[in-house]
Amino acid sequence: MSRGIQLLVLACCSLPVYAQEMSFNLRPGVTAISEQVYDLHMTIFYICCVIGILVFGAMFWAIFHHRKSKGAVPAQFHESTKVEIIWTIIPFIILIGMAIPATKTLLAMEDPSDADLTIQVTGSQWKWHYKYFEHDLEFYSVLASDMEQVKGKLKKRDNYLLEVDHPLVLPVGKKVRFLMTSEDVIHSWWVPDFAVKKDANPGFINEAWTRIDKPGIYRGQCAELCGKDHGFMPIVVIAKPEDEYASWLAEQEAAYLAKQAAEQELVAMTMDQAELMELGEKVYLKSCAACHQPNGEGLPGVFPALKDSPIATGAVSQHIDVVVNGVPGTAMQAFGKQLGLKELAAVISYERNAWGNDTGDLVQAKDVVAVQNAAQ
C-alpha cells in the first residue's frame, strides 16, 4: 500500500478525533446542548460524506465504463416509474432520519423552563447590560481592549477584542435562563461554547438558556451587524463552582448596594466648575465622543452636533432628560444607568460649556435626581 493511501486510511479512521482538533470545525462546547449540537453536526456531516461518495462514485464509474471510446451505446427510454419511486423514497427516509435527532435538539434548545437563575441581557451600541433577577445586582459590560491596540500603536494581547471590564459570572451546574432585548438596534448574544446565539431585538424579549458543565472563562461576540463599532462588543462569561459563585454574588450585591447608597450622598454635594469640566471631559471622551466627536461637531446626517446645539444651549432640564433617558427611536442611549450621578452632572456641565457653548450652567447631582424623579 502506498504512503498516500496509508495516510488517507489513517485520516478516515481517525476522523472523529481530527474533527475536534480542527480549528475550523464546530466546538463540542461545555454544555449538554452544545455537545448535542456538535454530535448532530458531525452525524449529518458523515451522512453527507457517504451520500457524496456513493453519488460521485456511481457517476464516475458510469462515465468510465460507459464511455463512447469503449463502444457504449446510450439507451433510449423515458419516465421510469420504478426509478422515480426509488429516488423519492430514499431521500425521504434519509431526511426523516436526520430530522428526528435535529427536532429533539431544537426542542431542548428552546426550553428555558425550570431555571435556577434568570438574567436579563440588554444590548446597546456598543455594550451589554446584565441584570440578575431576584438579586440586587446589575452592571454594564464594555470592551476592555485598549483602543491604542485597535490603532496598531500597542501590541495586541491574546484576547484582543474579546475582553471586557465586567464579565458575566454564572454558576456551574445550574440552569440559567436569559431574557434578551435591546435598547436601540438588533444585536445578537453569541457564546459558541454554550451553543447559544439569540437575537436581542428592541421592544421584544427573546429567551435562551444554558447549563455550564465546566468552570472556566468563555468568550463570545455580538453576532449581528449593529453599527460602526459592532466589532467592539465582546462577551465574556466566567463560570464558577456554586460555592465560589455564591461568595462572588454576595460580595457584588454588597458593593452594588453600597454604591447606590453613596450615590444618594452625592445629592447634597456641590462641585465647582473646574472639577465638573475636568471630569466631564473624561466622561465625554469615553462615552459620547464616538458619535458626537471630540470637537462636539458630530457627523452631519448621522449624529447631531452638540456645539451650538439647541439641546446643549437650551433648557437645562431638557438637556438632563436627553442624557439620562435617551431619545427613543434614535441612537441616543439612556445614560441614567450607565453613569453615576457625579458623572452625569459633570458631562452635562461640560457639554454646556465646551466648544464655545459657554452657557455658564453648572449641573449638580441634585439637578439630575430632580429630573429622574419627575420622569417617574
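Residues numbered from 1 in each chain as written. Predicted model: local features only at pLDDT ≥ 70, side-chain atom pairs only at ≥ 80, totals over all residues. Heavy atoms only, no water.

## Looking at the overall build of the protein chain
Right, so step 1: Along the backbone of the protein chain there are twelve helices and ten strands.
Right, so step 2: Taking 376 residues into account, the globule formula puts the C-alpha radius of gyration at 21 Å, and the protein chain, at 29 Å, lies well above it.
Right, so step 3: Projected onto the principal axes, the alpha-carbon positions of the protein chain cover approximately 100 × 50 × 45 Å.
Right, so step 4: Across the protein chain, the fraction of contacts at a sequence separation of at least 24, relative to all contacts at a separation of at least 6, is 62%.
Right, so step 5: Summed over all atoms, the accessible surface of the protein chain reaches about 21,900 Å², with 60% contributed by carbon and sulfur.
Right, so step 6: Of the side chains in the protein chain, 32 bear a positive and 44 a negative charge, and the two mean positions are spaced by 11 Å. (Helix = DSSP H or I, 4+ residues; strand = E, 2+ residues; numbered from the N terminus. Rg over C-alpha atoms; globule rule 2.2 N^0.38 Å. Contact = heavy atoms within 4.5 Å. Areas by Shrake-Rupley, 256 points an atom, 1.4 Å probe, with all protein chains shown as cover. Lys, Arg positive; Asp, Glu negative; His and termini not counted. Charge placed at Lys NZ, Arg CZ, Asp CG, Glu CD.)

## Description of the nonpolar core
Right, so step 1: By size, the foremost hydrophobic cluster in this structure holds 37 residues, and its most contacted members are Ile-119, Tyr-132, Phe-178 and Trp-189.
Right, so step 2: Among the elements that make up this core, the one with the highest residue count is helix α6 (residues 242-265) (four residues).
Right, so step 3: Those residues in contact with Tyr-132 that lie beyond four places of it in its chain are Leu-117, Thr-118, Ile-119, Leu-137, Phe-139, Leu-168, Val-169, Tyr-245, Trp-248 and Leu-249.
Right, so step 4: Core analysis: the next-biggest nonpolar cluster, separate from the first, contains 28 residues, Leu-276, Phe-335, Ile-348 and Ala-365 among them. (Core = buried A, V, L, I, M, F, W, Y, C linked by side-chain atoms within 4.5 Å. Buried < 20%, exposed > 50% of the residue type's maximum accessible area, 1.4 Å probe, protein only.)

## Here's the deal with a nonpolar patch on the surface
Right, so step 1: A cluster of nonpolar residues, Ile-51, Val-55, Phe-56, Met-59, Phe-60 and Ile-63, forms a patch on the protein surface that exposes about 570 Å² of accessible area.
Right, so step 2: Within the secondary structure layout, Val-55 lies in helix α3 (residues 32-65). (Patch = residues over 30% accessible without salt bridge, like charges linked within 9 Å, V, L, I, M, F, W, Y side chains within 5 Å. Salt bridge = Lys/Arg side-chain N within 4 Å of Asp/Glu carboxyl O.)

## Things to note about the pairing of strand β10 (residues 234-240)
Right, so step 1: With five of seven residues buried, β10 lies mostly within the body of the structure.
Right, so step 2: Here four bridges tie strand β4 (residues 168-171) to β10, and the two strands are oriented parallel to one another. Paired with Pro-171 across the strands is Lys-240, a residue of β10.
Right, so step 3: As judged from the six bridges shared by strand β9 (residues 216-222) and β10, these two strands associate in the antiparallel manner. Bridge pairing in β10 links Tyr-218 to Val-237. (Pairing = 2+ DSSP bridges.)

## Section: the pattern of salt bridges
Right, so step 1: For the structure shown, the criterion picks out nine salt bridges.
Right, so step 2: Measuring nitrogen to oxygen at the nearest pair gives 3.0 Å for the salt bridge that ties Asp-193 to Arg-27. On the criterion of sequence distance, the pair formed by Asp-193 in the loop between β6 (187-191) and β7 (196-200) and Arg-27 in the loop between α2 (15-21) and α3 is long-range, its members being 166 residues apart.
Right, so step 3: Overall, Asp-193 belongs to the buried group, its relative accessible area being 11%.
Right, so step 4: Residue classification places Arg-27 among the partly exposed positions, given a relative accessible area of 47%.

## As for helix α10 (residues 316-325)
Right, so step 1: Among all positions of α10, only His-319, Ile-320, Val-322, Val-323 and Val-324 are buried.
Right, so step 2: A positive backbone phi angle near 75 degrees is found at Gly-326, which sits one or two residues after α10.

## Details of the sheet that holds β9
Right, so step 1: The mixed open sheet is built from five strands, whose spatial order is β4-β10-β9-β6-β7. One side of each edge strand has no neighbouring strand; the edge strands of this open sheet are β4 and β7. Each adjacent strand pair in this sheet contributes to an overall mean axis angle of 25 degrees, direction not counted. (Axes fitted to C-alpha atoms, helices over the stretch in contact; angles between N-to-C directions.)

## Some words on the environment of Gln-252
Right, so step 1: Its location among the elements puts Gln-252 in helix α6.
Right, so step 2: With relative accessibility at 27%, the residue Gln-252 sits in the partly exposed group.
Right, so step 3: It is 8.8 Å that separates the C-alpha atoms of Gln-252 and Asp-136, two residues lying 116 residues apart in sequence.

## Thoughts on the packing of aromatic side chains
Right, so step 1: A complete count under the given rule lists eleven aromatic pairs for this structure.
Right, so step 2: Among the aromatic residues, ring-to-ring pairing joins Tyr-130, Tyr-132, Phe-139, Tyr-245 and Trp-248 into one connected group.
Right, so step 3: Directly above the aromatic system of Phe-64 lies the positively charged group of Arg-67, at a separation of 4.5 Å from the ring centroid.
Right, so step 4: A cation sits over an aromatic face here: Lys-156 above Tyr-160, 5.1 Å from the ring centre. (Phe/Tyr/Trp six-rings, centres within 6.5 Å; stacked < 30°, edge-to-face > 60°. Lys NZ or Arg CZ within 6 Å of the ring centre and 35° of its normal.)

## Observations regarding the side chain of Asn-353
Right, so step 1: Along the polypeptide, Asn-353 turns up in helix α11 (residues 341-353).
Right, so step 2: Side-chain polar atoms of Asn-353 contact the backbone nitrogen of Gly-360, separated by 2.8 Å.
Right, so step 3: Setting aside residues up to four positions removed in sequence, Asn-353 forms contacts with Gln-273, Met-277, Asp-358, Thr-359, Gly-360, Asp-361 and Leu-362. (Polar contact = N/O pair within 3.5 Å; in protein donor to acceptor, adjacent residues only side chain to side chain.)

## Focus: helix α7 (residues 273-287)
Right, so step 1: In this model α7 runs 20 Å from its N-terminal to its C-terminal C-alpha over 15 residues, within 8% of the 21 Å that 1.5 Å per residue would give.
Right, so step 2: Along α7, the positions that sit buried rather than exposed are Leu-276, Met-277, Gly-280, Val-283 and Tyr-284. Within α7, the buried residues cover an arc of 135 degrees as seen down the axis, which keeps them to one side. Among the exposed residues of α7, those oriented more than 90 degrees off its buried face are Ala-274, Glu-278, Lys-282 and Lys-286.
Right, so step 3: Lining the buried residues of α7 we find α8 (289-292) and α11. (Expected span 1.5 Å × (residues − 1). Arc of directions from axis to C-beta.)

## Some points on the sheet that holds strand β3 (residues 137-141)
Right, so step 1: Strand order in this open sheet of five strands is β3-β2-β1-β5-β8, and the pairing throughout is mixed. With partners counted over all chains shown, the strands left at the sheet margins are β3 and β8 (206-211), one partner each. Along the sheet, successive strands turn relative to each other by an average axial angle of 25 degrees, direction set aside.
Right, so step 2: Pairing geometry for strand β1 (residues 117-124) and strand β2 (residues 127-132), over six bridges, is antiparallel. Note that in β2 the partner of Thr-122 across the bridge is His-129.
Right, so step 3: Of the strands in this sheet, β1, β2 and β3 are in contact with α6, which crosses β3 at around 90 degrees.

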